Amino acid sequence: MNDRNPQNPTAPLIFERSHTGRRGTTVPRPDVPTRPLAELIPAWAMRDKPPGLPEVPENEVVRHFTAISLKNHHVDKAFYPLGSCTMKYNPKVNEATARLPGLSDLHPFQPTAAVQGALRLMWELGEALKEISGMDAITLQPAAGAQGELVGAFLFRAYHTAKGDPRRKVIIPDSAHGTNPATVTMAGYEALTLKSSKEGRMDPAALESVLGDDVAGVMLTNPNTLGKFESDIETIARLVHDAGGLLYMDGANLNALMGITRPGDLGYDIVHINLHKTFSSPHGGGGPGAGPVAVKEHLAHFLPLPTLRHDADGTYSLDWERPTSIGKVHGFWGNFGVLVRAYTYIRMLGREGIPETARAAALNSAYVAARLGDTYEMPYGRGMHESVFSGAFLKKHGVRTLDVAKRLLDFGMHAPTIYFPLVVAEAIMTEPTETETKQELDRFCDAMLQIASEAAKDPDFVKNAPYSTPVRRLDEAKANRQPNVRYRAGDT
Ligand SMILES: *Cc1c(COP(=O)(O)O)cnc(C)c1O
């Protein structure tokens, strides 16, 4: 324990708080006859000894989890400009609806006649997402963007195999998110990396030179991970289609486009949508997400089973009759709670709110770029909803982007995404999102400018940051491979 800090600086494990006999709740004595458990539960299903659960009163449980939640960073605590991840504030009304007993207490084995409301909610969410994406059909099953990509790659395969022409390669720009090449490789394709233009976009001439009859398709984020709108998208779509391929949009950046333009109108055949990013479900802690995949009509019959149907008599049902489907990709219907949150969010925003959100996200990002752009280099210029700065100018002081990110933690903010996209040296990728005020953006920009001047005056000070966090600099590879949940101050 630190003498100057009489409060225990590290929380004990909940098991260390346990005292035999303490309990969180007391249940009233039953006023009906009781029977021994052994009469009700078969012997094989009975435990030999009680589970080793901590015995703690309710207030200790609440304090324990509150204390550890505050050691971590989350969007309810402070600014979270983690580029590409769209860490917008998640309105609490989403939580209220997701917790309505009629939705949260459903059992996935209930017959469809008993869950018409849930099916209707999913149907209406699907319709809204089809309208926003400009597509004809959708599956809500995938659990994340990356799984949406995998569904996309399986759709590539199903489409080409059905035409008797299985192809082997998928083209992906060098600015792409790491999940893109990982996904297509996992699906058995060869990922072909295409160098971006000086402006940070896909160059149609470069694309044309690698397209051929062995290319199953192209995966292209829009706006891309440099925040740039792919302005040649119509030409790109024509080239891909002329070569017999499909065009897939990684829709993780839909927050910049929604309500303004639509992937379907731009020529894409498939798009995944990260509900936990654009449509505001909490994420970043490894919790559930949802990555619905929307497609044009010609791919609809390949979508995962079951698909939802809205029948002529007004009822909703699940359709299992799709012989050409790629199959099931998630247990039951997908991560239903995330779907409820996204549905609520879309209904709260409405038709005007959706494009307004996209515009505000771009405006906030432009403001940060305008304030920081003279100090931090922007090799590819300003992006739409996010901007990628370079910390390379700090190298002359021996300071790296990692040091800037660590020092920012002392200001109580989450660090931006760093060292991604790979095409920018010492990358610092900031995505403020639409939910932050000008004052909050200013606080962030002031901090970033202060860090740049600290780096010039006292590089070692920045290189030893952070100073105010529960733990300081960890061996990040080791911390991932051998997580030490019993960390104590002074451990390495
Ligand atoms: C977040 C992200 C993904 C992956 O989405 P997950 O939901 O995290 O699996 C893919 N591409 C881009 C551009 C992203 O930002």
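Residues numbered from 1 in each chain as written. Predicted model: local features only at pLDDT ≥ 70, side-chain atom pairs only at ≥ 80, totals over all residues. Heavy atoms only, no water.

J.: Even after reading the chapter, I still don't get the nonpolar core, so can you show me in this structure?
T.: One recurring pattern in soluble globular proteins is that nonpolar side chains are buried together. Membership of the largest hydrophobic core comes to 51 residues, with the highest contact counts inside it found for Leu125, Leu129, Leu207, Val218, Leu275, Phe279 and Phe336. When residues of this core are traced back to their parent elements, those giving at least two are helix H5 (116-133), strand E4 (215-219), helix H9 (233-242), strand E5 (246-250) and helix H12 (336-372). For this core, the element with the highest residue contribution is H12, accounting for ten residues. Setting aside anything within four residues of it in sequence, one finds leucine 275 in contact with Leu125, Leu129, Ser280, Ser281, Ala290, Pro292, Val338, Leu339 and Ala342. Counting 26 residues, the second-largest nonpolar core is a separate cluster that includes Phe156, Ile270, Val295 and Leu303. (Core = buried A, V, L, I, M, F, W, Y, C linked by side-chain atoms within 4.5 Å. Buried < 20%, exposed > 50% of the residue type's maximum accessible area, 1.4 Å probe, protein only. Helix = DSSP H or I, 4+ residues; strand = E, 2+ residues; numbered from the N terminus. Contact = heavy atoms within 4.5 Å.)

J.: What should I look at first to understand the packing of aromatic side chains in this one?
T.: What characterises a pair of aromatic rings is the spacing of the ring centres plus the angle enclosed by the ring planes. Summed over all chains, the structure comprises ten aromatic pairs. Geometrically, the ring pair formed by tryptophan 123 and tyrosine 316 is tilted, given 6.4 Å between the ring centres and 55 degrees between the ring planes. You can see tryptophan 123 sitting in helix H5 and its partner tyrosine 316 sitting in strand E9 (residues 316-319), a full 193 residues away along the chain. A relative accessible area of 8% means that tyrosine 316 is categorised as buried. Ring centres 6.5 Å apart and planes at 70 degrees place the aromatic pair phenylalanine 156 and tyrosine 189 in the edge-to-face group. Placement of phenylalanine 156 in helix H6 (residues 145-162) and of tyrosine 189 in the loop between helix H7 (179-186) and strand E3 (190-194) is noted, with a sequence separation of 33 residues between them. Counting every residue linked through ring pairs, the aromatic cluster contains Phe156, Tyr189 and Tyr248. When the ring centre of tryptophan 123 is taken as origin, the NZ or CZ atom of lysine 130, which lies over that ring, is 5.8 Å away. When the ring centre of tyrosine 189 is taken as origin, the NZ or CZ atom of arginine 157, which lies over that ring, is 4.5 Å away. (Phe/Tyr/Trp six-rings, centres within 6.5 Å; stacked < 30°, edge-to-face > 60°. Lys NZ or Arg CZ within 6 Å of the ring centre and 35° of its normal.)

J.: Quick question: what am I supposed to make of the side chain of threonine 433 here?
T.: Assignment of secondary structure puts threonine 433 in the loop between strand E12 (427-430) and helix H14 (438-457). For threonine 433, a relative accessible area of 1% corresponds to the buried category. Separated by 3.2 Å, the side chains of threonine 433 and threonine 435 make a polar contact. Residues within four places of threonine 433 in sequence aside, it is in contact with Thr86, Met87, Lys88, Ala361 and Asn364. (Polar contact = N/O pair within 3.5 Å; in protein donor to acceptor, adjacent residues only side chain to side chain.)

J.: Explain the sheet that holds strand E1 (residues 137-139) to me, please; I cannot follow it from the model alone.
T.: Two pairing modes exist for strands in a sheet, parallel and antiparallel, and in both the strands are linked by backbone hydrogen bonds. Reading across from one edge, E1-E7-E6-E5-E4-E2-E3 is the order of the seven strands in this open sheet, with mixed pairing throughout. For this open sheet the edge positions go to E1 and E3, each flanked by a neighbour on one side alone. Ignoring strand direction, the axes of neighbouring strands in this sheet form an average angle of 25 degrees. Relative to E3, strand E2 (residues 169-173) is paired through five bridges, and the arrangement is parallel. Along E3, the bridge assignment pairs lysine 169 with glutamate 190. Where H5 meets the sheet, it contacts E1, strand E6 (270-272) and strand E7 (293-295), and its direction lies at approximately 125 degrees from that of E1. Here H7 sits on the sheet and contacts E2, E3, E4 and E5; the angle it forms with E2, its principal contact strand, is near 175 degrees. (Pairing = 2+ DSSP bridges. Axes fitted to C-alpha atoms, helices over the stretch in contact; angles between N-to-C directions.)

J.: Hey, could you run me through the pattern of salt bridges in this one?
T.: Any two side chains of opposite charge can pair, on the condition that their charged atoms come close. In the structure shown here, the tally under the stated rule is 28 salt bridges. When the shortest N-O distance is used, the salt bridge between glutamate 127 and lysine 130 registers 2.9 Å. Of the two residues, glutamate 127 and lysine 130 are both situated in helix H5; the distance of three residues between them amounts to about one turn of the helix. A network of salt bridges, in which partner residues are shared, links Arg309, Asp311, Asp319 and Arg322. (Salt bridge = Lys/Arg side-chain N within 4 Å of Asp/Glu carboxyl O.)

J.: Is there a simple way to think about H7 in this case?
T.: Residue pairs three or four apart in sequence face the same way in an α-helix, which turns once every 3.6 residues. Turning to H7, its buried residues number three or more, namely Asn180, Thr183 and Val184. Along the axis of H7, the buried positions cluster into a sector of 90 degrees, meaning they face one direction only. Looking at the buried positions of H7, the neighbouring elements they touch are H6, E2, E3, E4 and E5. Taken from the residues just after H7, glycine 188 is the one with a positive phi, measuring 95 degrees. (Arc of directions from axis to C-beta.)

J.: Help me out: how do you make sense of a nonpolar patch on the surface in this one?
T.: A grouping of Leu37, Leu40 and Ile41 is seen on the molecular surface, where their side chains present a nonpolar patch of about 270 Å² in accessible area. Within the element layout of this structure, leucine 40 appears in helix H1 (residues 37-40). (Patch = residues over 30% accessible without salt bridge, like charges linked within 9 Å, V, L, I, M, F, W, Y side chains within 5 Å. Areas by Shrake-Rupley, 256 points an atom, 1.4 Å probe, with all protein chains shown as cover.)

J.: Quick question: what am I supposed to make of H14 here?
T.: For H14, which comprises 20 residues, the first-to-last C-alpha distance of 28 Å matches the rise-based estimate of 28 Å (1.5 Å per residue) to within 8%. Considered for burial, the residues of H14 that qualify are Glu440, Leu441, Asp442, Phe444, Cys445, Ala447, Met448, Ile451, Ala452, Glu454 and Ala455. Looking at the packing, one finds that the buried side of H14 touches H12, helix H13 (401-408), E12 and helix H15 (459-463). (Expected span 1.5 Å × (residues − 1).)

J.: How should I be thinking about the domain arrangement of the chain in this particular structure?
T.: Where the parts come together, the accessible area they lose is often given as the size of the interface. Domain annotation for the chain reports domain 1 (1-15 + 29-89 + 387-430 + 435-492) and domain 2 (93-348). On a C-alpha basis, the centres of domain 1 and domain 2 stand 31 Å from each other. Here domain 1 and domain 2 share an interface that buries about 1100 Å² over both sides, 56% of which is from carbon and sulfur atoms. Its residues assigned to classes, the side of domain 1 that touches domain 2 comprises nine nonpolar, two polar and one charged. (Domains from an automatic or database assignment. Buried area = accessible area lost by both parts, 1.4 Å probe. Nonpolar A, V, L, I, M, F, W, Y, C, P; charged D, E, K, R; others polar.)

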